[in-house]
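The residues making up each chain are set out below.
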Amino acid sequence: MAFIHAVAHLTASGLDRPLQGDLGGGGVWIQQIPRPRVRGRRRLRFARLDRLSQLSLTTAAAAMERAEGRGAPRPQDEALAGVALGTAFGAHLSNELFQAGLMKEGQDGASPALFPYTLPSTAAGELSLHLGLRGPIITLAQGPGSGMAALAAAADQVDRGGASWMVAGAADTLGETLLRAAGDRAAQMTEGAVFVVL
């Protein structure tokens, strides 16, 4: 049976700090995303990651560090450790930036560095690569309930024996197009991430 070993969250107030103050009427961005501590994995080029991957990686790495510190050892077989990511809006920000380049400069404005991040599943792939999670990789981009759906999918993997350790959570970014589309609801929106280790 799956149970939570550790939790970490990232808001505009910082890693594991509750969001404080007024949201300001137009969404709240995280001003500086802390660089995660990733041990013994491939070279991390944090600045090249898209914003969704940065939010996810920083928060998931913090949750994993806590879980290991609390005596929840990672499986020796990395194929038994997986990731499940829920995102309400997916890779909208990367798509917005990619499209802006195309609109401004035509095909010369198409960024090959940004293109892979136009898929919502890329952030989960980055977690797998940088955190050594070689088991199930799940991305759910189903609107506001995506984070809970990812948690349920991760718990199901553990319960069915598909994985013995899952990092599960939700992350979302903001962008001008998203805020315009949200209309009056934009005042209640903030970007952030939360991850647990099951």
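Just above sits the structure.
Residues numbered from 1 in each chain as written. Predicted model: local features only at pLDDT ≥ 70, side-chain atom pairs only at ≥ 80, totals over all residues. Heavy atoms only, no water.

Taken together, 6 strands build an open sheet; the order of strands is S2-S1-S6-S5-S3-S4 and the sheet is mixed. The outermost strands of the open sheet, each flanked by one partner alone, are strand S2 (14–15) and strand S4 (137–140). In this structure, strand S3 (residues 81–86) lies alongside S4, joined through 4 bridges in parallel fashion. Residue pairing in the sheet places Ala84 in a bridge with Ile138 of S4. Sitting on the sheet, helix H3 (residues 122–131) touches S3, S4 and strand S6 (192–197), and the angle it makes with S4 is about 155°. (Pairing = 2+ DSSP bridges. Helix = DSSP H or I, 4+ residues; strand = E, 2+ residues; numbered from the N terminus. Contact = heavy atoms within 4.5 Å. Axes fitted to C-alpha atoms, helices over the stretch in contact; angles between N-to-C directions.)

This part takes up the packing of aromatic side chains. Any two aromatic rings considered together are summarised by their centre-to-centre distance and by the angle between their planes. A full pass over the atoms with the stated rule returns 1 aromatic pair. Each ring, one from Phe98 and one from Phe115, has its centre 5.4 Å from the other, and the planes form 55°; the classification is tilted. Of this pair, Phe98 sits in helix H2 (residues 92–105) while Phe115 sits in the loop between H2 and H3; the two residues are 17 residues apart in sequence, bridging distant segments of the chain. Judged by relative accessible area, which is 11%, Phe98 ranks as buried. (Phe/Tyr/Trp six-rings, centres within 6.5 Å; stacked < 30°, edge-to-face > 60°. Buried < 20%, exposed > 50% of the residue type's maximum accessible area, 1.4 Å probe, protein only.)

Following the sequence through the fold, Thr58 ends up in helix H1 (residues 51–69). Residue contacts for Thr58: discarding those within four places in its chain leaves Leu10, Leu15, Ile33, Pro34, Arg35, Pro36 and Phe46.

Residues Ile4, Val7 and Val194 make up a contiguous nonpolar surface patch of roughly 220 Å² in combined accessible area. Of note, Val194 is situated in strand S6. (Patch = residues over 30% accessible without salt bridge, like charges linked within 9 Å, V, L, I, M, F, W, Y side chains within 5 Å. Areas by Shrake-Rupley, 256 points an atom, 1.4 Å probe, with all protein chains shown as cover. Salt bridge = Lys/Arg side-chain N within 4 Å of Asp/Glu carboxyl O.)

Next up on the list: the pattern of salt bridges. Per the stated rule, a full pass over the model turns up 5 salt bridges. Between Asp16 and Arg66 there is a salt bridge; the shortest N-O distance is 2.1 Å. Of the two residues, Asp16 is situated in the loop between S2 and H1 and Arg66 in helix H1; the sequence distance between them amounts to 50 residues. For Asp16, a relative accessible area of 27% corresponds to the partly exposed category. A salt bridge links Glu65 to Arg37, with the shortest nitrogen-to-oxygen separation between them at 3.0 Å. Taken together, the positions of Glu65 in helix H1 and Arg37 in the loop between S2 and H1 put the pair 28 residues apart, joining distant regions of the chain. Residue Arg37 is classed as exposed on the basis of its relative accessible area of 62%.

With 19 residues, H1 ought to run about 27 Å at 1.5 Å a step, and its terminal C-alpha atoms sit 27 Å apart, in line with that. Of all 19 residues that make up H1, 14 are buried, and the element is covered over most of its length. (Expected span 1.5 Å × (residues − 1).)

To continue, consider the packing of H1 against H3. At their nearest, the axes of H1 and H3 sit 9 Å apart, and the two run at 40° to each other. Put simply, H1 runs oblique to H3. Considering the relative orientation of H1 and H3, their crossing is right-handed. Between H1, through Leu52, Ser53, Ser56, Leu57, Ala60, Ala61 and Met64, and H3, the contact on the second element is made entirely by Thr122, Ala123, Glu126, Leu127, His130 and Leu131. Per-class residue counts for the contact of H1 with H3 are 8 nonpolar, 4 polar and 1 charged. (Parallel < 35°, antiparallel > 145°, perpendicular 65-115°, else oblique. Left-handed = near helix turned anticlockwise from the far one by under 90°. Nonpolar A, V, L, I, M, F, W, Y, C, P; charged D, E, K, R; others polar.)

What is shown is where atoms sit, not what they do.
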